Amino acid sequence: MRNPLKVYWLAFYLLFSFWAEAGPATSTVRFSFIETSQSKGAQEAMVVKGGSWWTRRHLTHGAVLIEHPQGTLLYDTGLGTQVDEQFAGNSWLAKQLFAFTHPRPLITQLQENHYPVQNIDAIIPSHLHWDHASGLVDFPGIPIWVQPSELESARSGEMPSFLQSQINSDTLNWHTMELPENPFLNFTRSLDIFHDGSVVLVDLSGHTAAQVGLFLKLSEAEQYLFIGDTTWTLEGVINNKPRPGMLKIVVEVEDNQSLADQRIAQVHELYKTYPELVIVPAHDERVAADLPHFPEFSQP
Ligand SMILES: [Zn+2]
């Protein structure tokens, strides 16, 4: 009997092979971070266990644009043009907890800079929580790739984590893929998108049903691991600490707490083993400050 995982994988590969025909004319892999908003601010102790009560953090909401000679990808979409309407149905408490400032939607920034949006071959959300999926509706028709259980749980998910207006639009071009059993770093499941080790998806299930991380290799000396919301800040990775327990009073943040804790331990291990690897939690504004910001790209 055919292995269904291999079928998913094959479909993904074939689509990328097709996209390679129309891909951008870059000769190397490069990326750019696009900040779409920041949180209004919270004490660090509210975003990571053991964090300081004296330090104010303004978590970032962004997306990563990756150009490879064989295709262009978005990892996450940040806050989109419809975020105010999407967010409006939330409870008063959620609106305070997840308040954000001055959205500058991804699509708007791309268009203002005359970026060829039609060259974007796929969107790969780290997961489908509201702050990562908000911009999806701004890219009608562009294939969105997620693991099947992520889409299933998002479709039955509830506020404040999931907003149905972001997930259930007819204009969204969903595709599902299961990451195959393929060890990479200390992950058991991974997908090397272009078969050259430069862009590799890894399974980070735990925070949500099937969150994916993205390993990006620009050169031997320059490598990144985007970890979605495994932790909100790098302090969580460095100290192997989850989000503070008090958050649970307000909202159930993790899909599976023990698996989420395992993922943090896994990334913490990588942090210790590969000190040169730049680990990027999706919301850490300090880590993001050191990334190339759109319209600037990483240099070869
Ligand atoms: Zn998030």
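Residues numbered from 1 in each chain as written. Predicted model: local features only at pLDDT ≥ 70, side-chain atom pairs only at ≥ 80, totals over all residues. Heavy atoms only, no water.

What about the overall build of the protein chain?
Line of reasoning, step 1. When helices and strands are tallied, the protein chain shows 11 helices and 15 strands.
Line of reasoning, step 2. Here the C-alpha atoms of the protein chain give a radius of gyration of 18 Å, agreeing with the 19 Å that 2.2 N^0.38 yields for 300 residues.
Line of reasoning, step 3. With the principal axes as the frame, the protein chain shows a C-alpha extent of 50 × 45 × 40 Å.
Line of reasoning, step 4. In the protein chain, which comprises 300 residues, the share counted as buried stands at 56%. (Helix = DSSP H or I, 4+ residues; strand = E, 2+ residues; numbered from the N terminus. Rg over C-alpha atoms; globule rule 2.2 N^0.38 Å. Buried < 20%, exposed > 50% of the residue type's maximum accessible area, 1.4 Å probe, protein only.)

Considering the coordination of the zinc ion
Line of reasoning, step 1. Looking at the zinc ion, the protein donor atoms are Asp131 (OD), His132 (NE2), Asp229 (OD) and His283 (NE2), and they sit 2.0 to 2.2 Å from it.
Line of reasoning, step 2. One can describe the site at the zinc ion as irregular: its four donor atoms subtend angles covering 83 to 161° at the metal.
Line of reasoning, step 3. Every donor residue of the zinc ion comes from the same chain, spaced as D-H-x96-D-x53-H. Placement of Asp131 in helix α5 (residues 130-133) and of His283 in the loop between β15 (278-280) and α11 (285-289) is noted, with a sequence separation of 152 residues between them. (Donors = N, O, S within 2.8 Å, 3.2 Å for Na, K, Ca; no water. Tetrahedral: all angles 85-135°; square planar, octahedral: opposite > 155°, others 65-115°.)

Details of the pairing of strand β5 (residues 71-75)
Line of reasoning, step 1. Summarising burial for β5: five of the five residues are buried, a large majority.
Line of reasoning, step 2. Taking every second residue as pointing to the same face, both faces of β5 are buried, with Gly71, Leu73 and Tyr75 on one and Thr72 and Leu74 on the other.
Line of reasoning, step 3. Bridge count between strand β4 (residues 60-68) and β5: five bridges; the pairing is antiparallel. Looking at the pairing, Leu65 lines up with Leu74 of β5.
Line of reasoning, step 4. Linking two consecutive strands that pair antiparallel, namely β4 and β5, is a turn of two residues. (Pairing = 2+ DSSP bridges.)

Describing the pattern of salt bridges
Line of reasoning, step 1. For the structure shown, the criterion picks out 13 salt bridges.
Line of reasoning, step 2. A salt bridge links Arg189 to Asp203, with the shortest nitrogen-to-oxygen separation between them at 3.2 Å. Of the two residues, Arg189 sits in strand β11 (residues 187-192) while Asp203 sits in strand β12 (residues 199-203), which places them 14 residues apart along the sequence.
Line of reasoning, step 3. Take Asp203: its relative accessible area is 6%, and that puts it in the buried class.
Line of reasoning, step 4. The shortest N-O distance in the salt bridge between Asp203 and Arg263 comes to 3.0 Å. In this pair, Asp203 sits in strand β12 while Arg263 sits in helix α10 (residues 257-273), placing the two residues 60 residues apart along the sequence. Grouping residues by exposure puts Asp203 and Arg263 together as buried. (Salt bridge = Lys/Arg side-chain N within 4 Å of Asp/Glu carboxyl O.)

Side note on a nonpolar patch on the surface
Line of reasoning, step 1. Where nonpolar side chains cluster on the molecular surface, the patch consists of Trp53, Trp54, Trp92, Leu93, Leu97, Met246, Ile249 and Val250 and spans about 990 Å² of accessible area.
Line of reasoning, step 2. Mapped onto the elements of the fold, Trp54 is located in the loop between β2 (42-43) and β3 (56-57). (Patch = residues over 30% accessible without salt bridge, like charges linked within 9 Å, V, L, I, M, F, W, Y side chains within 5 Å. Areas by Shrake-Rupley, 256 points an atom, 1.4 Å probe, with all protein chains shown as cover.)

Observations concerning the packing of aromatic side chains
Two descriptors summarise a pair of aromatic rings, namely the distance from one centre to the other and the angle between the planes of the rings.
Line of reasoning, step 1. For the structure on display, the rule yields 11 aromatic pairs.
Line of reasoning, step 2. Aromatic pair Tyr224 and Phe226: ring centres 6.1 Å apart, planes at 15°, arrangement stacked.
Line of reasoning, step 3. Judged by relative accessible area, which is 2%, Phe226 ranks as buried.
Line of reasoning, step 4. Between the aromatic rings of Phe294 and Phe297, the centroid separation amounts to 6.2 Å while the plane-to-plane angle is 70°, which identifies the pairing as edge-to-face. Across the pair, exposure class does not vary: Phe294 and Phe297 are buried alike.
Line of reasoning, step 5. Ring pairs connect the aromatic residues Phe31, Tyr75, Tyr224 and Phe226, which therefore count as one cluster.
Line of reasoning, step 6. The ring of Phe297 has Arg30 sitting right over it, with the charged end atom 3.8 Å from the ring centre. (Phe/Tyr/Trp six-rings, centres within 6.5 Å; stacked < 30°, edge-to-face > 60°. Lys NZ or Arg CZ within 6 Å of the ring centre and 35° of its normal.)

Examining the nonpolar core
Line of reasoning, step 1. Core analysis: the largest hydrophobic core is formed by 40 residues, its most contacted members being Phe31, Ile66, Leu216, Leu225 and Phe226.
Line of reasoning, step 2. Contact partners of Leu225, with chain neighbours within four places excluded, come to Phe187, Val202, Leu214, Phe215, Leu270, Leu277, Val278, Ile279 and Val280.
Line of reasoning, step 3. Within the second largest apolar cluster, 27 residues are counted, among which are Tyr115, Ala133, Ala154 and Phe297. (Core = buried A, V, L, I, M, F, W, Y, C linked by side-chain atoms within 4.5 Å. Contact = heavy atoms within 4.5 Å.)

Structural notes on the sheet that holds β11
Line of reasoning, step 1. Overall, mixed pairing links the six strands, which are arranged β10-β11-β12-β13-β14-β15 in an open sheet. What marks the edges here is a single partner per strand, and that holds for β10 (181-184) and β15. Direction aside, neighbouring strands of the sheet carry axes that sit 35° apart on average.
Line of reasoning, step 2. Bridge analysis of strand β14 (residues 223-226) against β15 gives three bridges, and the strand direction is parallel. (Axes fitted to C-alpha atoms, helices over the stretch in contact; angles between N-to-C directions.)

A short note on the confidence of the model for the protein chain
Line of reasoning, step 1. Chain-level statistics for the protein chain give a pLDDT mean of 91 and a share of 91% at 70 or above.
Line of reasoning, step 2. Within the model, pLDDT remains below 50 along residues 1-7, and this stretch shows two contacts once partners closer than five positions in the same chain are excluded.
Line of reasoning, step 3. With pLDDT under 50 throughout, residues 20-25 is counted as low confidence; its partners more than four residues away or in other chains account for seven contacts. (pLDDT = per-residue confidence, 0-100.)

Looking at the environment of Ile227
Line of reasoning, step 1. Turning to its location among the elements, Ile227 is positioned in the loop between β14 and α8 (234-238).
Line of reasoning, step 2. Ile227 sits 160 residues away from Glu67 along the chain, and the two C-alpha atoms are 19 Å apart.
Line of reasoning, step 3. Residues in contact with Ile227, not counting those within four places in the same chain, are Tyr75, Leu204, Gln211, Val237, Val267, Ile279, Val280 and Pro281.

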